[in-house]
Amino acid sequence: MSGATLFSVSFDIGSAILRGIASVFPMPESGWITNPDVILGLSAVIFAAILLAASMLNTILLIWWERKLLGRIMDRRGAMHVGYAGLLQNFADGLKLFRKNTVQPREADSLGFYSGPVTYMVTSLIIFGILPISSGWNGGALPLTLLLALAIFSFAPLFIFVSAWSSNNKYSLMGGMRSAAQMIAYEVPILLAVVAVVIVSGSFDLTTIVYEQQNYWFWGPLFVALIVFVAGMLAEMERIPFDLPEAEAELVEGWNTEYGGMLFAFFMLADYLRALIGSILVVLLFLGGWTLPTWVPSGLTTFPLAGIFWFMVKTYAVFGLFVWIRASLPRVRTDQLLRVGWNRMIPLSLLAVFLAAVLVTVKCLPVFGCVPSAGGM
Amino acid sequence: MAQELTATEKPNENPILWVTRPMATAARQFAKSLFRPSTIVYPYERLEDPKFRGRLKVASGKPFGVGQVWDNYRGVHALNIATCISCNLCAFSCPDLCIDMVTVPGGDPKHPKKCPQIDYGKCSYCGFCSDACPEGCLTMTTRYELSTTKRSEMIYSPQKLLEVFQHKLPMNPIRLARPANEDAILLEPLLCIGCNACARDCPTQCITMLDIPKPEAKPGEKLPKRIWKEPVVNDSDCVRCGTCISVCPKECLFWGTRR
Amino acid sequence: MSEMWINMGPQHPMTHGLWNLRVKLDGEIVVDVDPEIGYLHRGIEKISEDRHYNEVITLMDRCCYVAGFSWEHLYILAAEEALHLAPPERAEYLRVLCDEFQRIGSHLMWYAAFVQDIGLMSPFLYGMRDRDLVLDLYQSYTGARMTYEYMRVGGVRNDLPPGFSAEARQVLDWLSRRFDEYDQLTLGSDIFRKRCDNLGILKANDCVAHGVTGPMLRSAGVKRDLRKDRPYSAYDRVEFDVAVADGADVTARYLVRLEEMRQAVRILRQVLDWLDKNPGPVMAEELPRWLGAPYAPIGREGYLLKRNFPKGVGFSAVEEPHGEAVAYVVNEGGEHPYRVKFRSPVFSNISAARKYLIGYHVADIPPIMGSVDICIGEVDR
């Protein structure tokens, strides 16, 4: 799909629809149907619809992937009754949640209670919209995609805390406070790890970062940054071993204790959407995005939508690593988590930045070859 | 003398191993269960399926995560109405009082045949009733699926229990031996009035009323007003249900050791 | 934030049963706790007074639903003493077999619940999977997986089915390999050590003061095990070591329980050897008619009044998987026990909660209470 981008495809679909309408209802040449603004607007709507569908489909597939993988690690099967190998199980679960009644606690604050899940969901969707999935799939070539993604990513503690506070439940409140403390503690090392990537690639644009990795992927030279980033992402995604905010052993369900029905489904979907985004960011920043090493036979990289295919394979593999970690490690405690965050992760991330700076200055790597561009320095 | 277990020293010094050892164990498990997890797919596969039989057996190598429903599983009862003698022992031995003796058709109209009806809402599957059954007509089968939406459907009538019996499910094979020093039904002859109640109600017909000589009344002595018969219990046929003791109007029958 | 009370229970993932732990928190620090029990009270002691001696066994299985055999054994020992009966030797070995398999089963259940409490997900299912093998073995000779009704006053209900010994050995081999795997998943992970070391410390003198027994007492360095100190059934004829640790913390309790499972495997191998070599009766010969397998009808007036059974009092103490359980049975000559009294080890272990919970984090409550191994069925009875 070289040449065709997501937006051009949306534009083609939009204009095709409009041409169809024009052929059914004949109108003059200068009618509204040929107005470029209408075409652009329709294209934008189609573009957003494709993005939404892709994100939701991937999120649900991701839940399926986790359930199956976790099941096999635990010596069981996971979802398997609805659809082939349980592929439709999550759709069934979603439908069930959709039909359920949403119960609001008596003294809960309605505004925060209802707006929390919605904003949490919406902000997570925005991030997916701006992430490039392949060379054609990027939501407009913004120069600062990475920064924007991380900025929106870090909104989450606010919404979690708002919904936890307005639930009027002690468990929710404690979960919300833990969530806020944990996310803020791990924002810093994540950003520093990203700075290491930015120093080497010389750009805040994710597409550029991926293209910088065409010769070698960053996971080798920036291994320290990768570890910091993955650990930080585990905390940001609230997955074991850092799932304290919803530690079910002591805090029933943490900050979404009081949520049920569709609002809970929003939280659940947004959680997995954030997990998807985290995996995508790891792939984009460290695993070369949609590119494959040059020694891979070209037959594997030239079929249609090869970029998206390989990108998704990498993303699901990274998420599989998260699932593997979840299946085998216990949960840490709040103070230990924060101590690890502030005392270990930040020095490690500073070390990663330092190493990246050294790499760029020396301009040459003994093992991984030379840095193609010295960045924007 | 066991040495004290200490956990004060660290298991190892390498921080990488702290995470990788459990992850490696999980991965090993993943590789094992990738092709055949230990679970069985219950509604489609069943433990009583012959292909799971002997899964735990030595010949099949490693034990697997599932076993089998053994023949002596204590599930739903099966009742063979034809051999039931209405002795009530199952109902008496039930700790949950979930067994009622109800009339089934086909008995003598004067002495209707009664068979157990079991309320599975109360039953605790202890198996005391099938242990107590002297004829082996009430046994426990390997059937275990009882869920229903109506409480009344949990009550299994004798006919329903007979249907279970007719399915020919594997039955509990263990029959308990009778104790060597079994008590017997003894008679206190002075109290007996020869009323035939015990012989009439004995489920095994092991009591026969034998004539006894009517003593000569001495002058001045009034003979008791009674029928001059006495019950004689055939110990080998007696199932020790105690029906005779409970129906005896004069309480002249009792448990004891026959010498 | 000022101090606040939160109710952990009666429906809470931490409780493992039906009870309520009221916790007073200052931020995330526990400043006071107040265990509330009684949600599962069924009046088992009172019901027992209205039951035939053998029928009390059905209650014992429900008394502690993960260690039914141990409680059956406890009651049976007391009842036999009260009724002046002695089981045959084979029945004693069979009871030890039941007890030790029960210990493995109960500790595996504990392991599964405990690792779940600290957030380990897979070992939960590994523990439950391996416990299933033990349950399969129970089922092969008792006919049930959790409520066995196997032991009887004067012996046990039936002998082992043919081929049981080989299968049991197979399961033991499998289990003894699994124990190392469990250690890899827990002790091998530094996060586990960070969570559990120096947590929930209950020193030996506090244990004694609160009547805390079982693995909690042994983890504090006290070498007390009723199987050694007051041997019952065939425990004086098998060799095993008492697992003792010195940490008095959650890790030490973990170590003690794992070691107890290994020792149970050792005991079971000896018991199976003995059972293979010595066939024999499993019920006492001189059994009163009304304790025999098919019962005399109960509830009929005037049955036992005409006989004179010797009166008696029975006392027994059993090293249950959770601790030391004690039973007291008074036989006043009827077909029902006159009085039955039990001492639950977990009751004492829970009541010391103030000693080992205050001062730790709220996130530490699940691992600490998990390491106590709570079975509410026997606490409330």
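Residues numbered from 1 in each chain as written. Chains lettered and ligands numbered in written order. Predicted model: local features only at pLDDT ≥ 70, side-chain atom pairs only at ≥ 80, totals over all residues.

What follows concerns the overall build of chain A. What chain A contains, in helices and strands, is twelve helices and two strands. Going from N to C terminus, chain A has its helices and strands arranged as α-α-α-α-α-α-α-α-α-α-α-α-β-β. Relative to the globule expectation of 21 Å for 377 residues, the C-alpha radius of gyration of chain A, 22 Å, shows essentially globular dimensions. Expressed along its principal axes, the backbone C-alpha trace of chain A runs to roughly 65 × 60 × 40 Å. Counting all 377 residues of chain A, 49% fall into the buried class. In chain A, the proportion of contacts linking residues at least 24 apart, taken out of those at least 6 apart, comes to 78%. (Helix = DSSP H or I, 4+ residues; strand = E, 2+ residues; numbered from the N terminus. Rg over C-alpha atoms; globule rule 2.2 N^0.38 Å. Buried ≥ 20, exposed ≤ 12 C-beta atoms within 10 Å, placed from the backbone. Contact = placed C-beta atoms within 7 Å.)

Each partner contributes residues to the interface: chain C has 27 residues there, and chain A has 23 residues. Classifying every residue of the side of chain C that touches chain A gives 16 nonpolar, five polar and six charged. (Nonpolar A, V, L, I, M, F, W, Y, C, P; charged D, E, K, R; others polar.)

Turning our eyes to something else, we now look at the domain arrangement of chain B. Residues and elements named next belong to chain B. By domain assignment, chain B separates into domain 1 (77-166) and domain 2 (184-216 + 224-256). Each of domain 1 and domain 2 was reduced to a C-alpha centroid, and the two centroids are 28 Å apart. Counting residues at the interface gives six residues for domain 1, matched by five residues for domain 2. (Domains from an automatic or database assignment.)

Let us now look at the domain arrangement of chain A. Residue and element names in this part refer to chain A. Here chain A is partitioned into domain 1 (1-99) and domain 2 (108-370). Computed over C-alpha atoms only, the centres of domain 1 and domain 2 are separated by 23 Å. Contact residues are listed per partner, giving 20 residues for domain 1 and 23 residues for domain 2. Elements that contribute at least two residues to the side of domain 1 that touches domain 2 include exactly helix 2 (36-73) and helix 3 (89-99). At twelve residues, helix 2 tops the list of elements feeding residues into the side of domain 1 that touches domain 2.

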